[in-house]
Amino acid sequence: MLCEVFQELLRNILRHAKATKVNISIKESSEWFVLKVRDNGIGISHEQKVSPSSLGLLGIKERLRKVGGMLSIQGVKDIGTVCTVSFYMSKQ
């Protein structure tokens, strides 16, 4: 599941962001897993984030919902976008 989410985030950057750099960070603790993908592209708008035609983002949200995860997207025009994926690591 996480691999598919990561691939879709990178696919969206390639298709839409016009970025020249991507920074990826992964943090894991005993309770949380956080994947952050940052690009230096054109920045996603609010309208793009909530559009029903943003199928890639809808797919990511659906996958994360199944495991209790969250997606946060912050875009700044002409500076870039930061996507943060996080989910709680349950102890089993």
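Everything discussed here concerns the structure shown above.
Residues numbered from 1 in each chain as written. Predicted model: local features only at pLDDT ≥ 70, side-chain atom pairs only at ≥ 80, totals over all residues. Heavy atoms only, no water.

## Quick notes on a nonpolar patch on the surface
Reasoning step 1: Among the surface-exposed residues, Val-22, Ile-24 and Ile-26 lie close enough to one another that they form a single nonpolar patch of about 260 Å² accessible area.
Reasoning step 2: Counting through the fold element by element, Val-22 comes out in strand β1 (residues 22-28).
Reasoning step 3: Assessed through its relative accessible area of 39%, Val-22 is described here as partly exposed. (Patch = residues over 30% accessible without salt bridge, like charges linked within 9 Å, V, L, I, M, F, W, Y side chains within 5 Å. Areas by Shrake-Rupley, 256 points an atom, 1.4 Å probe, with all protein chains shown as cover. Salt bridge = Lys/Arg side-chain N within 4 Å of Asp/Glu carboxyl O. Helix = DSSP H or I, 4+ residues; strand = E, 2+ residues; numbered from the N terminus. Buried < 20%, exposed > 50% of the residue type's maximum accessible area, 1.4 Å probe, protein only.)

## With respect to the packing of helix α1 (residues 2-17) against helix α3 (residues 55-66)
Reasoning step 1: Packing of α1 against α3 brings their axes to within 10 Å, and their N-to-C directions diverge by 160°. Between α1 and α3, the angle is such that the two are roughly antiparallel. Remark: the crossing between α1 and α3 carries left-handed chirality. Residue-level inspection shows Glu-4, Val-5, Glu-8, Leu-9 and Asn-12 of α1 in contact with α3, the latter providing Gly-56, Leu-57, Ile-60, Arg-63 and Leu-64.
Reasoning step 2: Counted by class, the contact of α1 with α3 contains 5 nonpolar, 2 polar and 3 charged residues. (Axes fitted to C-alpha atoms, helices over the stretch in contact; angles between N-to-C directions. Parallel < 35°, antiparallel > 145°, perpendicular 65-115°, else oblique. Left-handed = near helix turned anticlockwise from the far one by under 90°. Contact = heavy atoms within 4.5 Å. Nonpolar A, V, L, I, M, F, W, Y, C, P; charged D, E, K, R; others polar.)

## Observations regarding the pattern of salt bridges
Reasoning step 1: Using the criterion set out here, one finds 3 salt bridges in the structure.
Reasoning step 2: The residue Glu-4 makes a salt bridge to Arg-63 at a minimum N-O spacing of 3.2 Å. One end of the pair, Glu-4, is in helix α1; the other, Arg-63, is in helix α3, with 59 residues separating them in the sequence.
Reasoning step 3: Note on Arg-63: relative accessible area 30%, which makes it partly exposed.
Reasoning step 4: As a salt-bridge pair, Glu-8 and Arg-11 come within 2.5 Å of each other at their nearest N and O atoms. Placement of both Glu-8 and Arg-11 in helix α1 is noted, with a separation of 3 residues, approximately one turn of the helix.
Reasoning step 5: With a relative accessible area of 33%, Arg-11 lands in the partly exposed category.

## Re the packing of aromatic side chains
Reasoning step 1: Scanning the entire structure with this criterion turns up 2 aromatic pairs.
Reasoning step 2: With a centroid separation of 5.7 Å and an interplanar angle of 75°, the aromatic rings of Trp-32 and Tyr-88 are classed as edge-to-face. With Trp-32 in strand β2 (residues 32-39) and Tyr-88 in strand β4 (residues 80-88), this pair connects stretches of sequence that are 56 residues apart.
Reasoning step 3: Taking relative accessible area as the criterion, Trp-32 reaches 35% and is therefore assigned partly exposed. (Phe/Tyr/Trp six-rings, centres within 6.5 Å; stacked < 30°, edge-to-face > 60°.)

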